[in-house]
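For reference, the chains in residue letters:
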Amino acid sequence: MELISSILGLFKDRGAWFASLLLSHIALAFSAIILAGIIGLALGIVISEKQRFAPVIMGVCNVLYTIPSISLLGILIPFTGIGNKTAVIAMTIYGVMPMVRNTYAGLTGVDPDILEAAKGMGSTESQMLFRIKLPLAAGVILAGIRNMVVMIIAVTGIASFVGAGGLGVAIYRGITIYNPAMTAAGSILIALLAIISDFLLGKLEKYFRKRGS
Amino acid sequence: MNSVVFSHVTKTYGDKTILNDISLEINQGEFVTMIGRSGCGKTTLLKLVNGLVTPDSGSILVNGKDLKETDKVQLRRTIGYSIQNVGLFPHMTIEANIAYVPSISSMPGWDKTERKEKAAALLTAVGLERDLLDRYPHSLSGGQKQRVGIARALAASPSILLMDEPFGAVDEITREQLQDQILKIHEERKITILFVTHDIAEALKLGTKTLVLNDGRIEQYDTPDRILDSPQTPFVRELIEKSRNFSVRV
């Protein structure tokens, strides 16, 4: 109870500080989400069209995904220094894996009868992709986006270890000055951000899945 | 004039010969039903016509043009294609499904307003009501889907229609209605139809000519009544034994 009241007290006293941390958290996460989204989607399309590249690219993505996030941040410091840039690069590397996996699964999972009909009616390769495969894979791809968004929002929480901004600043400061309420307050905001994003994307995913089946 | 000509066409997959030296001429306006056991090569023969399968040797002429020198994408847009599991696009309305070929080929005369009228006319031609236009495929019955599949195959006014067991997955009564519908369409539009089936009764009822295939070879290519009256090989004789009582198109 004491913790909750001190958290509420923190939000009241330092509302502007938390708001600015929240905004920079969103900005950081959003940059990584956009980058991972574009790179992951592109790689997923490439490996589903040229399947012989699939094992290599999936393998690399899987290996990168297994590196603990804090160590990935550390590994990057000598190359890209400290600060937001390093954080965004690390989170993008994480986010690419679920995007590639779901894009690939969605595109290769389209009913072969539908593809044969589309091809037999004279679709070009790009018409097949944009008019048939991508719309039909949209539900599965959105599930990947959802997964990636939640993960990136969470991982952004430790980006302050390499000097980046975001709510991780509150968490880190709470730890160093032994103020558990401050750590908890930062964590709660991250959790709320993740839950709300997940809920909204879930709605979108449901719409596309209903249309696609 | 010949619509489709095969000369000495051979196709193998691995060490299995699917089609062995097939030569065949199909006249414009003919309704050719192709029959044989599963794996006899009838579907492969059909897919050779729209270039989904390329022959190992031999040549194929479609509307007088050698397929080797034809752009496959353009070719397919001029050939209607309808398959057993229909392959309607689940994310498109019935109207968008029917208008697919005109849409991908930016065909003139299919602008927004005209599109609805033309799609509706095609629905009527296959015996469906126009209020289906805004529905999605999942809300249609099996027979309705098959009919939409035919309407879609006819949309670009093709001169040739390829049908691969199009009525394989519907009940007996619906099947009979669909057969009558395709006969009507054939008579009205005078298009060349190549129709794969494994049902000898269907083959003899629909075809102006029937092609009997076995192990990648043509057993007989003849009118249905001649196939019934004078089967040329033991295989054909055996095939028609069971169907003596069925009616024949004359």
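Heads up: the structure comes first, above all this text.
Quick caveat: nothing in here was measured; it's all calculated off a predicted structure. (Residues numbered from 1 in each chain as written. Chains lettered and ligands numbered in written order. Predicted model: local features only at pLDDT ≥ 70, side-chain atom pairs only at ≥ 80, totals over all residues. Heavy atoms only, no water.)

Q: Run through the overall build of chain A, naming residues and quoting values.
A: In terms of helices and strands, chain A carries nine helices and zero strands. Along chain A, from the amino end to the carboxyl end, the secondary structure elements read α-α-α-α-α-α-α-α-α. Counting only C-alpha atoms and orienting by the principal axes, one finds that chain A spans roughly 65 × 40 × 20 Å. For chain A, the proportion of its 213 residues judged to be buried stands at 47%. (Helix = DSSP H or I, 4+ residues; strand = E, 2+ residues; numbered from the N terminus. Buried < 20%, exposed > 50% of the residue type's maximum accessible area, 1.4 Å probe, protein only.)

Q: Got a sec to walk through the interface of chain A and chain B? Specific residues and values, please.
A: With 19 residues of chain A in contact, the opposing surface of chain B contributes 23 residues. For chain A, the biggest contributors to the area lost against chain B are A:Glu116, A:Met121 and A:Arg131; these three give 33% of the whole. The tally of links between chain A and chain B comes to one salt bridge. Its salt-bridge partner being A:Glu116, residue B:Lys47 comes within 3.1 Å of it at the nearest N-O pair. Our count for the chain A to chain B interface comes out at eight residue pairs in polar contact (both at pLDDT 80 or more). With seven residues, helix α6 (residues 112-120) of chain A is the largest single contributor of residues to the side of chain A that touches chain B. (Contact = heavy atoms within 4.5 Å. Buried area = accessible area lost by both parts, 1.4 Å probe. Salt bridge = Lys/Arg side-chain N within 4 Å of Asp/Glu carboxyl O. Polar contact = N/O pair within 3.5 Å; in protein donor to acceptor, adjacent residues only side chain to side chain.)

Q: Run through the pairing of strand β10 (residues 217-222) of chain B, naming residues and quoting values.
A: All names here are of chain B. Bridge count between strand β9 (residues 209-214) and β10: five bridges; the pairing is antiparallel. Residue pairing in the sheet places Val212 in a bridge with Gln220 of β10. Between β9 and β10, which pair antiparallel one after the other, the connecting turn spans two residues, and Asp215 there sits at a positive phi close to 50 degrees. (Pairing = 2+ DSSP bridges.)

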